[in-house]
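Structural overview for review
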Amino acid sequence: MAATVRPVQRKEFKFRESSYLPEVLRGLAITTRQFWRNLVGQRDIVTLQYPEVKKRYPNRFRGRHRLMLRDDGQVRCVACMLCSTACPANCIHIVAAEHTNTSIEKFPQKFEIDLLVCIYCGFCEEACPCDAIRMDSGRHSLPTFSRSPQNIGKIDLMEIGSLSIAKQGGKNA
Amino acid sequence: MLELILLSVAKVMGIVMVFVMAVAALLTWIERKQSALIQNRVGPNRASVAGLRLGGIFHLAADAVKMLTKEDFDPETDNPLMFRLAPFLAVVPVMLLFAVIPFGPGEHFLISNVGVGALFILAVSSLGVYGSTIGAWASNNNFAMLGSIRTTAQMISYEVSMGLNLVGIFMIYESVNLQDIVIEQGSLIWGWLPAWGIVLQPLAFILFMTASIAETKRAPFDLPEGESEIVGYFVEFSSMRFGLLALSEFIGIVAVGATAAVLFLGGWQIPWVQGTGGWLTVAQVGAMILKTLFVVWLQMAIRWTLPRFRYDQLMRLGWQYLLPLSLLNIFITGVVLMFVEQGRI
Ligand code: SF4
Ligand code: SF4
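So, a few notes on the structure that sits alongside this text. (Residues numbered from 1 in each chain as written. Chains lettered and ligands numbered in written order. Predicted model: local features only at pLDDT ≥ 70, side-chain atom pairs only at ≥ 80, totals over all residues. Heavy atoms only, no water.)

Examining the overall build of chain A
For chain A, the count of helices and strands is five helices and five strands. Going residue by residue from the N terminus, the α and β elements of chain A occur as α-α-β-α-β-β-α-β-β-α. In terms of overall dimensions, chain A is more spread out than a globule: its C-alpha atoms have a radius of gyration of 27 Å, far above the 16 Å expected for 173 residues. Along the longest, intermediate and shortest principal axes, the C-alpha atoms of chain A span 85 × 55 × 35 Å. The buried share among the 173 residues of chain A stands at 30%. By sequence separation, contacts in chain A at least 24 residues apart represent 65% of the contacts at least 6 residues apart. When the 26 positive and 17 negative side-chain charges of chain A are each reduced to one mean point, those points stand 8 Å apart. (Helix = DSSP H or I, 4+ residues; strand = E, 2+ residues; numbered from the N terminus. Rg over C-alpha atoms; globule rule 2.2 N^0.38 Å. Buried < 20%, exposed > 50% of the residue type's maximum accessible area, 1.4 Å probe, protein only. Contact = heavy atoms within 4.5 Å. Lys, Arg positive; Asp, Glu negative; His and termini not counted. Charge placed at Lys NZ, Arg CZ, Asp CG, Glu CD.)

Structural notes on the environment of Val254(B)
Residues and elements named next belong to chain B. Relative to the helices and strands, valine 254 is located in helix 9 (residues 239-264). Put simply, valine 254 and valine 295 are 41 residues apart on the chain and 8.3 Å apart in space, counted from C-alpha to C-alpha. When sequence neighbours within four positions are dropped, the list of residues in contact with valine 254 reads Phe19, Val23, Ala24, Leu27, Phe98, Thr292 and Val296.

Concerning the sheet that holds strand 3 (residues 106-114) of chain A
Residues and elements named next belong to chain A. Taken in spatial order, the three strands make up an open sheet running 2-3-5, and their pairing is antiparallel. Of all the strands in the sheet, the pair left with one neighbour each is strand 2 (92-98) and strand 5 (151-152). Bridging between strand 2 and strand 3 involves seven bridges; their strand directions are antiparallel. Looking at strand 3, one finds that isoleucine 94 is bridged to phenylalanine 111. (Pairing = 2+ DSSP bridges.)

Thoughts on the site of ligand 2
Taken together, 14 residues lie around ligand 2, and Cys77(A), Cys80(A), Met81(A), Cys83(A) and Cys128(A) are the ones closest in. Per-class residue counts for the shell around ligand 2 are 14 nonpolar, no polar and no charged. (Near = heavy atom within 4 Å. Nonpolar A, V, L, I, M, F, W, Y, C, P; charged D, E, K, R; others polar.)

Some remarks on the pattern of salt bridges
Applying the stated criterion across every chain, the model contains 16 salt bridges over all chains. For Glu17(A), the salt bridge is made with Lys11(A), and the minimal N-O distance between the two is 3.2 Å. Arg308(B) is paired through a salt bridge with Asp222(B); the nearest N and O atoms lie 2.8 Å apart. Linking Arg308(B) in the loop between helix 10 (279-303) and helix 11 (311-341) with Asp222(B) in the loop between helix 8 (202-215) and helix 9, this pair joins segments that are 86 residues apart in sequence. Judged by relative accessible area, Asp222(B) falls into the buried class, the value being 5%. (Salt bridge = Lys/Arg side-chain N within 4 Å of Asp/Glu carboxyl O.)

Examining the site of ligand 1
Close contacts around ligand 1 come from 14 residues, with Cys87(A), Cys118(A), Cys121(A), Gly122(A) and Cys124(A) the closest. A breakdown of the residues in the shell around ligand 1 according to their chemical character gives twelve nonpolar, two polar and no charged.

Points about the pairing of strand 3 of chain A
Pairing of strand 3 of chain A with strand 5 of chain A involves two bridges; the strand directions are antiparallel. For Ile113(A), the partnering residue across the bridge sits in strand 5 of chain A and is Ile152(A).

With respect to a negative patch on the surface
All names here are of chain B. On the surface, Glu174, Asp180, Glu184 and Glu341 cluster together to form a negatively charged patch. The topology assignment puts glutamate 174 in the loop between helix 5 (142-173) and helix 6 (178-184). In this structure glutamate 174 comes out as exposed when scored by relative accessible area, which is 65%. (Patch = residues over 30% accessible without salt bridge, like charges linked within 9 Å, V, L, I, M, F, W, Y side chains within 5 Å. Areas by Shrake-Rupley, 256 points an atom, 1.4 Å probe, with all protein chains shown as cover.)

Here we look at a nonpolar patch on the surface
Residues and elements named next belong to chain B. A grouping of Met1, Leu4, Ile5, Val9, Met13, Met17 and Val18 is seen on the molecular surface, where their side chains present a nonpolar patch of about 730 Å² in accessible area. Here valine 18 is to be found in helix 1 (residues 2-38). A relative accessible area of 56% places valine 18 in the exposed class.

A closer look at the nonpolar core
Counting residues in hydrophobic clusters, the biggest one holds 68 residues, and the most contacted among them are Phe98(B), Ile101(B) and Leu178(B). The leading source of residues in this core is helix 9 of chain B, at 13 residues. With residues near it in sequence (within four places) discarded, Ile101(B) still touches Phe109(B), Leu110(B), Ile121(B), Leu178(B), Ala255(B), Ala258(B), Thr259(B), Val262(B) and Met288(B). Ala79(A), Cys91(A), Ile94(A) and Ile152(A) belong to the second largest nonpolar core, which has 23 residues in total. (Core = buried A, V, L, I, M, F, W, Y, C linked by side-chain atoms within 4.5 Å.)

The structure is reproduced here in structure tokens:
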């Protein structure tokens, strides 16, 4: 395919423009008008006063992770490692353990996400086969004074978790 | 003798410390606030004293505290003395300017009635280049050096037309003494038009403002700083040393404001009001301050309106447009004066 070349004609400045002065005055008029409009009544101001006024994030915003819960409040995750395998940043660390309930088989003894390493790509929630990890909390990670609190564990993740309407465990459950 | 010294000290305190420093300090806040409002933002508004915000005016104090308590970093330089001297070299000339500016009629509102006041202003304002150049060269940094080269070239180029612009004023008022120039501006032409510099020399006023904004190194002529590309001649300065360099720029704005007010806007003269004394004097000092603030505001508004020039455009504007126009202005002034003297106008 041949490249399409589109020559753009530069606008030649007329004397009125190249003598600066009328255009400078026009610019000054615009900035001065805007100054007074905003000084008296803040008419065009777009700034949000952040901590007091917060903007609602869009529905698909990927925020802090949360681990969803079973109906009895246990963690939904079955420690299948799909999320930590999919994670491009390698920041999910799961230690699996055997569950006493044989129909569940496995559960994560330790489930840690290092939020400083996470790139919020959302691959983990895509990979999860049983709706156990989600990023729909609408929160972004908060600043902390040291690194270690950013490595959040299972308890923190479950704290903002909730029940899922998805059925887990196939036919026999 | 002692009386004279005390009086001078009082005048210096009154003019420089109370008026100039206060305005310069306020400008650091006003600039942020004004630019914010022009750009549909709110600007600094968080600093508060006892829950009172007052539009963030306390950022003045917060900034000062921040500047004074930050680490004062010394770069590895072969010339630490010059590096430390540079902020003073920048701030002293702009403050010196106020020595000859008459803020009101008579002796009491003028620190020193120098016979060659206007020339003193031109001489001292060109000294300002030393502060930025020496500071940049002593800080042993290539970016600072680039900034200082730009500063030097720019200031030297624009000084030429700045000086030539004032020649027209000197020709009309037949004096280089600022107080005399202001007194001359009190007269009326044809009985109704104030004989202000801006009325008699409109072209010179525009050229003078352009050249002086270039002298104070502010946008659209802020190439010596050029934050987005070379950071500027003060890149190695930190804490209050940087603060002093920035403050010298703001004092420079006030100085340009006062100079333009004296030379072009009639100084302390209130139009159509003759005579001095009593409350009228107070009003006249007020008028001078208002005029100064107006020119200060004009410079700030221009800074937030126009984009920066390219360097070749800057040089072309300085040498190919401003300089010939200044010479043309002198020529026209001369011709008109000749006709006036022959009684033809
Ligand atoms: S969002 Fe991406 S980077 Fe973060 S944990 Fe999930 S898969 Fe890893
Ligand atoms: S969160 Fe989902 S994908 Fe990750 S280990 Fe648990 S069940 Fe598997």
